[in-house]
Amino acid sequence: MILKISQWLLLLAFASIFLVSKLYVNSKFGLRPEDFVGFLCILFLPILVLKTSHLIPKRILIITLLYFYYLLVISLLQGVEYTNNIFVLYFKELSYFSYFLAAFYFFYNSSEKNISRFWTFFVILSVPNVLY
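From a predicted model like this one, the values you see are computed outputs, not experimental measurements.

Some points on the overall build of the protein chain
Point 1. From N to C terminus, the protein chain includes seven helices and zero strands.
Point 2. Listing the helices and strands of the protein chain from first to last along the sequence gives α-α-α-α-α-α-α.
Point 3. With respect to the principal axes defined by its C-alpha atoms, the protein chain has extents near 50 × 40 × 20 Å.
Point 4. Out of the 132 residues in the protein chain, the part that is buried amounts to 32%.
Point 5. Carbon and sulfur atoms form 73% of the exposed surface of the protein chain, whose accessible area is close to 9000 Å².
Point 6. Once the 10 positive and 5 negative side-chain charges of the protein chain are each reduced to a mean point, those two points are 11 Å apart.

Thoughts on the packing of helix H2 (residues 22–29) against helix H3 (residues 33–43)
Point 1. It is at 8 Å that the axes of H2 and H3 come closest, and there the two elements cross at 70°. With respect to H3, the axis of H2 lies roughly perpendicular. Two secondary-structure elements touch here, H2 through Lys22, Val25 and Phe29 and H3 through Pro33, Glu34 and Phe36.
Point 2. For the contact of H2 with H3, a count of residues per class yields four nonpolar, no polar and two charged.

Let's talk about the pattern of salt bridges
Point 1. One pass over the full model with this rule turns up three salt bridges.
Point 2. Across the pair Arg32 and Glu34 runs a salt bridge, and its minimum N-O distance is 3.4 Å.
Point 3. Given the relative accessible area of 25%, Arg32 is considered partly exposed.
Point 4. Overall, the relative accessible area of 8% leaves Glu34 in the buried class.
Point 5. Arg32 is paired through a salt bridge with Asp35; the nearest N and O atoms lie 3.0 Å apart.
Point 6. According to the relative accessible area criterion, Asp35 is buried, its value standing at 3%.

Observations regarding the side chain of Ser95
Point 1. By the secondary structure assignment, Ser95 is in helix H6 (residues 83–109).
Point 2. Filtering out sequence-adjacent residues up to four positions away, Ser95 remains in contact with Gly38 and Ile42.

Quick word on the confidence of the model for the protein chain
Point 1. Per-residue confidence for the protein chain averages 85 on the pLDDT scale, and 98% of its residues sit at or above 70.
Point 2. Of all secondary-structure elements in the protein chain, the lowest mean pLDDT belongs to H2, at 81, while helix H4 (residues 45–52) reaches the highest, 91.

Details of H4
Point 1. Listing the buried residues of H4 in full gives Leu45, Leu48 and Thr52. The buried residues of H4 occupy one face: seen down the axis, they fall within an arc of 65°. Residues of H4 that are exposed and point more than 90 degrees away from the buried face comprise Pro46 and Leu50.
Point 2. As for H4, its buried residues are in contact with helix H1 (2–19), H3 and H6.

The rules we used
Residues numbered from 1 in each chain as written. Predicted model: local features only at pLDDT ≥ 70, side-chain atom pairs only at ≥ 80, totals over all residues. Heavy atoms only, no water. Helix = DSSP H or I, 4+ residues; strand = E, 2+ residues; numbered from the N terminus. Buried < 20%, exposed > 50% of the residue type's maximum accessible area, 1.4 Å probe, protein only. Areas by Shrake-Rupley, 256 points an atom, 1.4 Å probe, with all protein chains shown as cover. Lys, Arg positive; Asp, Glu negative; His and termini not counted. Charge placed at Lys NZ, Arg CZ, Asp CG, Glu CD. Axes fitted to C-alpha atoms, helices over the stretch in contact; angles between N-to-C directions. Parallel < 35°, antiparallel > 145°, perpendicular 65-115°, else oblique. Contact = heavy atoms within 4.5 Å. Nonpolar A, V, L, I, M, F, W, Y, C, P; charged D, E, K, R; others polar. Salt bridge = Lys/Arg side-chain N within 4 Å of Asp/Glu carboxyl O. pLDDT = per-residue confidence, 0-100. Arc of directions from axis to C-beta.

And the structure:
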């Protein structure tokens, strides 16, 4: 189940990056299209952390936690007027971390056939953007 969810999250992320107009979505909602998928990824973040934390070296997890702590300290040193930007920054960084965990889980637990189909779909999905 989590394997399918991580696969769909990755496909939605790539589709939102390559097929959806950033200008249109940004003008309507003030967000990038991949931010909506990032929100979905963040919803599944606890499950992805539980499923992958024993597979990822502890050093990488510690470095990631230190990075989020670093962002917090630097953001707080910027001043009170920067507080709203802290939430946006954390949202984006957490969504990137969620993408990483979804990709890691998918590629770690998939067969070569599934990975090959995923990359084929990704290349086909990229064609309109490349042609444009």
